[in-house]
Every structure is written in C-alpha cells, then in structure tokens.
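Understanding the architecture of this molecule
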Amino acid sequence: KTVSIQLCVGLPPAHYGTLYRKFEQYFLDRGILDFQLDEETFSVHITEAECFPQAYAAAMPVFQKLRQMPKAVIVDIGGFTADYLQIKYGEVDLSVCDSLENGVILLYNKIRSRGNSELDLLLDESDVDAILAGRKTSYPAEAVRLVERLAQEFVNDLFSTLRERMLDLRYCTVVFVGGGAILLRRQIEASGKVGTPLFVTNINANAAGFEYLYRLETACR
C-alpha cells in the first residue's frame, strides 16, 4: 500500500527567503518511494512539501508571548552553526538574521585541545556534556574548571558577535533553542548579557514547529 504524505521541512533563516521554493520542489515529482525500516517495506508518495524557517519554528512553544513583544531575538545554537533571527510582534524579520560559525563543535574541539595540552587529559564530547550538565564525574577539579571557563568564554564571544551586529540582547527577550543552548544554559544565564532569556528545551522543537506551522497554514486555506 502506498501512503500519501505531506512533508514539512526547514531551512536556516539566512537561506530561507531565497531557497525555500527550490527546497520544496526538490522533494516533489519523485513518484513512489520505497524504503525499508526494521525489515519492513514502506511505499510513500510525497504529495506536498512545505518549508519553514528553522529557529522560528522551534520557538512555537513560546509564540503567544512573542507575538505581544515589539522585538525579540531567537538564537538557535547547533553543532556547527548558531543561527539568529529577529521577530517583531511574532512576525519574522528576515532582514535581521544570519548563520554564524559558532556551533558547539568548535567548543568541543577547543576543550579537547586545551585539556590535552594543559592537563594531559583526553576528553570526548560525552565527558564535556557531563561536566556542563553538572553531573558527577571522575575528572579532577581543574578539568571541571577548564571546561566551564571555556564554555563561558564561548557564550560570551557569541554574544559579543551578536552585539557587533547591532543586537544588544540585554534589552530584549531572547529565545534560546537547539541542543547547544540547552547544554550551555548555565553559562547563558550567568553571562549577564541577556535581558530576558527563554529556553525551549525540546531537542526536537524545530520538527514539532514545522508540523504546528503546517497545520496552522492549512487551517487558514
């Protein structure tokens, strides 16, 4: 049996305005697609593809608050990039958005390098995650201090970059989404550079937001 599906996808805000139609078309006119999952065969036909801005979609859990604010900024900290997007009374402002090469992979790499050179320690991502989450580890206190210091520097550098782009986060609401933002919540709150931080803790918030926006859009047709 072939199942017809409506596919919801997303693009970083900086690329959304110019690429969303091409990205939607990329998934269409493919006919019936067969694939296997857990030794079971599936057949699907993509009848519709709708693209939405990432970060904006992830902020849907706090959308009712955002639509009452004259200005807010969404910051999506991922593995390779940190995306930011300004919204006004809930409406996307694509003139103020970009994708920065400030993902947490850079932080992991720096921590591993400094841990090896300064403390003769081999730290992997799970070790760093555990320390930043405040979980008990067997690492010495100086390793914990190193990780937390570099994480704070990473967050401060990101906010300095945003300030250079004329975004002063001290005087607006900032919605933090993405796995990196969840991981660095303590450092973000301790930075003193964010006026009103809001955190969306669902790691799948973008996907959930795509579905929400699609249902909202189709209900208005």
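Reference entry: report on the structure contained in this document. Position labels on residues start from 1 in each chain and follow its written sequence. With pLDDT at 70 or above as the cut-off, local features in this predicted model cover only qualifying residues; side-chain atom pairs require 80 or more to be listed or tallied, and sums for whole chains, interfaces and linings still use all residues. Based on all heavy atoms of the structure, the side-chain values leave hydrogens and waters out of the count.

**Brief notes about the overall build of the protein**
- Helix numbers and strand numbers start at the N terminus; a helix is a DSSP run of H or I with at least 4 residues, a strand a run of E with at least 2. Scanning the protein from N- to C-terminus turns up 8 helices and 8 strands.
- Counting only C-alpha atoms, the protein reaches 60 × 50 × 25 Å along its principal axes.
- The buried label goes to any residue with under 20% of its type's maximum accessible area, the exposed label to any with over 50%, and the partly exposed label to all in between, with areas taken from a 1.4 Å probe on protein chains only. Evaluated residue by residue, the protein yields a buried proportion of 42% over its 221 residues.
- Pairs of residues are marked as contacts when any of their non-hydrogen atoms sit within 4.5 Å. Intrachain contacts of the protein at a sequence separation of at least 6 include 59% that bridge at least 24 residues.
- In the form shown here, the protein has an accessible surface area of approximately 12,400 Å², with 50% of it arising from carbon and sulfur atoms.
- Each charge sign in the protein was given a centre, from 23 positive and 29 negative side chains, and these centres are 7 Å apart. Residue exposure ignores everything except the shown protein chains as possible cover, and the areas themselves are Shrake-Rupley values with a 1.4 Å probe. Under the counting rule used here, the positive set is Lys and Arg, the negative set is Asp and Glu, and His together with the chain ends is not counted. Charged side chains are reduced to one point each, which is NZ for Lys, CZ for Arg, CG for Asp and CD for Glu.

**Focus on the sheet that holds strand S5 (residues 82-88)**
- With mixed pairing, 5 strands are arranged side by side in an open sheet as S6-S5-S4-S7-S8. Each end of this open sheet is capped by a strand with a single partner; those strands are strand S6 (91-100) and strand S8 (196-199). Going from strand to strand, the sheet's axes swing by 20° on average, the running direction of each strand aside.
- In this sheet, strand S7 (residues 173-177) lies alongside strand S4 (residues 72-77) in parallel orientation, the contact comprising 5 bridges. Bridging across to S7, Ile74 finds its partner in Val175.
- Strands in contact with helix H1 (residues 13-26) are S5 and S6; relative to S6, the strand with the most contacts, it is inclined by about 115°. The pairing criterion is simple: DSSP has to find at least two bridges between the two strands. Axes here mean lines fitted to C-alpha atoms, for a helix over just the part in contact, with angles spanning 0 to 180 degrees between N-to-C directions.

**Some words on the state of the cysteines**
- Cysteine sulfurs are considered disulfide-paired once they come within 2.5 Å of each other. All told, the structure shown has 0 disulfides when counted by the stated rule.
- Of all cysteine sulfurs, the one in Cys51 lies closest to Cys8, which takes part in no disulfide; the gap is 9.9 Å.
- Using a relative accessible area of 2% as the deciding quantity, one classes Cys51 as buried.

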